[in-house]
Amino acid sequence: MMKRILTLGFAVALAAGASADPAAPGKRFDWTTKSTEAKQRLAEVQQRIESFQFGPETIAVAQKIVAADPEFAMGVYYLSAVTPPPENAKHLEKAVALAKKASDGERRFVDAMVVARANQGANFKDAIPALEKLAADYPGERLVQVILGQLYQGDSQAEKARAAFRRADEIGPPSPRVRAFLANEDLVHGDYEKARQTFFEVEKALPKGSAPFAVRYGLAFSYLYEGQVDPAISALNTYLAEYKGSGAAQGFPEVFIWNSIARINLENGRLDAAMKAYEEGYLSVPGSSLPEDQKQVWLGRLQHGRCRVLAKMGKHEAAWTEALKVKKMIDEGGEPARQYLPAWHYLAGYLKLEAGDHAAAIAELKQIEKRDPFQELLLARAYEKAGDRAEARKVYRTVVDSRQNSIERALAYPEAKKKLAS
């Protein structure tokens, strides 16, 4: 989900990875601090992140690391990872400076994280090669495996993600976060009840105040695969309350959860509820600490959602008029906005398909170089409605064969599987 939810506590997620079990084989990082308290507090912060605990309490623990040893590069890095913007930037800058005289593992880790966090909007995967080399040189460092798993997952490299999470699990100690990520494999293989059981077991073991993204979204996906809309939305509503209650929304607004709820409602014909969720979610953006460019991104997503709802309502002219505003935002954004052109082709294809212009829908959707499973589903629908059943079946097969678990796959897979069986 990292690719869709671009700044969803991204720095916090990248900080995940509790300290390795001393008995685990393989070389691990050396911490360049003589402070026992700093090391203990670092392990505490890591464990809190692994247990989906974010917000002010976790920030306070990170601050104690730095108080115990202001020169500890990894401690300052973790403070940057759990502190909301814009304050996090100064901590990250200091961590980079301190890392120059830290151990090899710490220095390379911080350098790789700078790349990942600077390019999270589109090219976070640029950090993967450096982290792969780091994993090879430090095979016993669990932290690297957890982060690699998350980046692989964000880059749709599902098999590599599973391998990294399994390696993290082997190194230990046990982690609710990693266990929840591994349950995604059961979802992809169609064992929804087994995945749910894992999520419920993880939930029971979590401390009070957790906001378990992987658990709640995993549960929502498991229900969507079975066509159970109400429990899917219920899981996300629970997460919405947990996220706000944990204090995590102070760092990043809850708009991404609302957008997920909106999409589920939209694709299941609950159009008024979908429109309300898109609009309710965006209300959390203007007063947030997000940079202005990210606020514009979420404004564009609100507009994108409105257009799709209008199209589903049969208001095709109004939908297209609103869609042109999205295109204008991209055109006026210059080179930095070109990364959003695939989102425009997705929107245009969606609207053309709903309006019955199947040829135009195909032309738009084919311009998306890397289509997610839901975009593939739209293309398959367009081919089928255009009378090209053979091509439609090929694309439906692409959806069914996909292995990257996401809301897009959960929304698309049931229909594609049914189509191939008919």
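Residues numbered from 1 in each chain as written. Predicted model: local features only at pLDDT ≥ 70, side-chain atom pairs only at ≥ 80, totals over all residues. Heavy atoms only, no water.

**Quick notes on the packing of aromatic side chains**
Right, on to step 1. For the coordinates displayed, the defined rule picks out 21 aromatic pairs.
Right, on to step 2. Taking the centre distance of 6.0 Å and the plane angle of 70 degrees together, the rings of Phe-213 and Tyr-239 count as edge-to-face. On the criterion of sequence distance, the pair formed by Phe-213 in helix H12 (residues 213-225) and Tyr-239 in helix H13 (residues 229-246) is long-range, its members being 26 residues apart. The same class applies to Phe-213 as to Tyr-239, namely buried.
Right, on to step 3. Among the aromatic residues, ring-to-ring pairing joins Phe-213, Tyr-217, Phe-221, Tyr-239, Tyr-243, Phe-252, Phe-256 and Trp-298 into one connected group.
Right, on to step 4. Lying across the ring of Phe-374, Arg-263 places its NZ or CZ 5.2 Å from the centre.
Right, on to step 5. Positioned above the aromatic ring of Trp-320, the side-chain terminus of Lys-352 is 4.2 Å from the ring centre. (Phe/Tyr/Trp six-rings, centres within 6.5 Å; stacked < 30°, edge-to-face > 60°. Helix = DSSP H or I, 4+ residues; strand = E, 2+ residues; numbered from the N terminus. Buried < 20%, exposed > 50% of the residue type's maximum accessible area, 1.4 Å probe, protein only. Lys NZ or Arg CZ within 6 Å of the ring centre and 35° of its normal.)

**A closer look at the packing of helix H10 (residues 176-188) against helix H11 (residues 192-205)**
Right, on to step 1. Between H10 and H11, the least distance of the axes is 8 Å, while the angle of their chain directions is 170 degrees. Of the possible angle classes, the one that applies to H10 and H11 is roughly antiparallel. On H11, the residues that touch Pro-176, Arg-179, Ala-180, Ala-183, Asn-184, Asp-186 and Leu-187 of H10 are Tyr-192, Lys-194, Ala-195, Thr-198, Phe-199, Glu-201 and Val-202.
Right, on to step 2. Taken together, the residues of the contact of H10 with H11 sort by class into eight nonpolar, two polar and four charged. (Axes fitted to C-alpha atoms, helices over the stretch in contact; angles between N-to-C directions. Parallel < 35°, antiparallel > 145°, perpendicular 65-115°, else oblique. Contact = heavy atoms within 4.5 Å. Nonpolar A, V, L, I, M, F, W, Y, C, P; charged D, E, K, R; others polar.)

**Side note on helix H8 (residues 142-154)**
Right, on to step 1. Over its 13 residues, H8 extends 19 Å from the first C-alpha to the last, a length consistent with the 18 Å expected when each residue adds 1.5 Å.
Right, on to step 2. After H8 finishes, the residue Ser-156 shows a positive phi value of roughly 60 degrees. (Expected span 1.5 Å × (residues − 1).)

**A short note on the layout of surface pockets**
Right, on to step 1. Its volume calculated, the second largest pocket comes out at about 190 Å³.
Right, on to step 2. Of all the secondary structure elements, the ones that give two or more residues to the lining of the second largest pocket are helix H20 (373-385) and helix H22 (407-421).
Right, on to step 3. Of all the elements, H22 adds the most residues to the lining of the second largest pocket, at four residues.
Right, on to step 4. Residues of the lining of the second largest pocket, tallied by class, amount to six nonpolar, two polar and three charged. (1 Å grid on protein atoms, 1.4 Å probe; cavity = no way out; pocket = protein on both sides within 12 Å on 5 of 7 lines; lining within 4 Å. Points joined across faces, edges and corners; volume = space filled by probe spheres on them.)

**Some details on empty space enclosed by the protein**
Right, on to step 1. Following the criterion strictly, the structure yields one cavity of 30 Å³ or more and no others.
Right, on to step 2. In this structure, the largest cavity spans a volume of roughly 100 Å³.
Right, on to step 3. Lining the largest cavity are 13 residues, with Gln-153, Ala-158, Ala-161, Arg-162 and Asn-184 positioned closest to its centre.
Right, on to step 4. Mapped by element, the contributors of at least two residues to the lining of the largest cavity are helix H9 (158-171) and H10.
Right, on to step 5. Here the lining of the largest cavity is built from residues that sort into six nonpolar, four polar and three charged.

**Let's talk about the environment of Arg-167**
Right, on to step 1. On the secondary structure map, Arg-167 appears in helix H9.
Right, on to step 2. Taking the C-alpha atoms as reference points, Arg-167 and Gly-140, 27 residues apart in sequence, are found 9.1 Å from one another.

**Considerations on H20**
Right, on to step 1. With 13 residues, H20 should reach 18 Å at 1.5 Å per residue; the first-to-last C-alpha distance of 18 Å fits that figure.
Right, on to step 2. Summarising burial for H20: eleven of the 13 residues are buried, a large majority.
Right, on to step 3. Within H20, burial applies to Pro-373, Phe-374, Gln-375, Glu-376, Leu-377, Leu-378, Leu-379, Ala-380, Arg-381, Ala-382 and Tyr-383.
Right, on to step 4. In this structure, the buried side of H20 is in contact with helix H14 (255-267), helix H18 (341-355), helix H19 (358-365), helix H21 (389-401) and H22.
Right, on to step 5. In the segment just after H20, Gly-387 is the residue with positive phi, at about 95 degrees.

**As for the confidence of the model for the protein chain**
Right, on to step 1. In the predicted model, the protein chain carries a mean pLDDT of 91, and 93% of its residues have values of at least 70.
Right, on to step 2. Every residue in residues 18-24 scores below 50 in pLDDT, and together they form 21 contacts with partners more than four places removed in sequence or on other chains. (pLDDT = per-residue confidence, 0-100.)

**Topic: the pattern of salt bridges**
Right, on to step 1. Considering all chains together, one arrives at 36 salt bridges under this definition.
Right, on to step 2. Here Arg-41 ties to Glu-44 by a salt bridge, and the two come within 3.0 Å at their closest N and O atoms. With Arg-41 and Glu-44 both in helix H2 (residues 36-50) and three residues apart, this pair spans about one turn of that helix.
Right, on to step 3. According to the relative accessible area criterion, Arg-41 is partly exposed, its value standing at 22%.
Right, on to step 4. With a closest N to O distance of 2.9 Å, Arg-216 and Glu-203 form a salt bridge. With a gap of 13 residues between them, Arg-216 in helix H12 and Glu-203 in helix H11 connect regions that are remote in the sequence. (Salt bridge = Lys/Arg side-chain N within 4 Å of Asp/Glu carboxyl O.)

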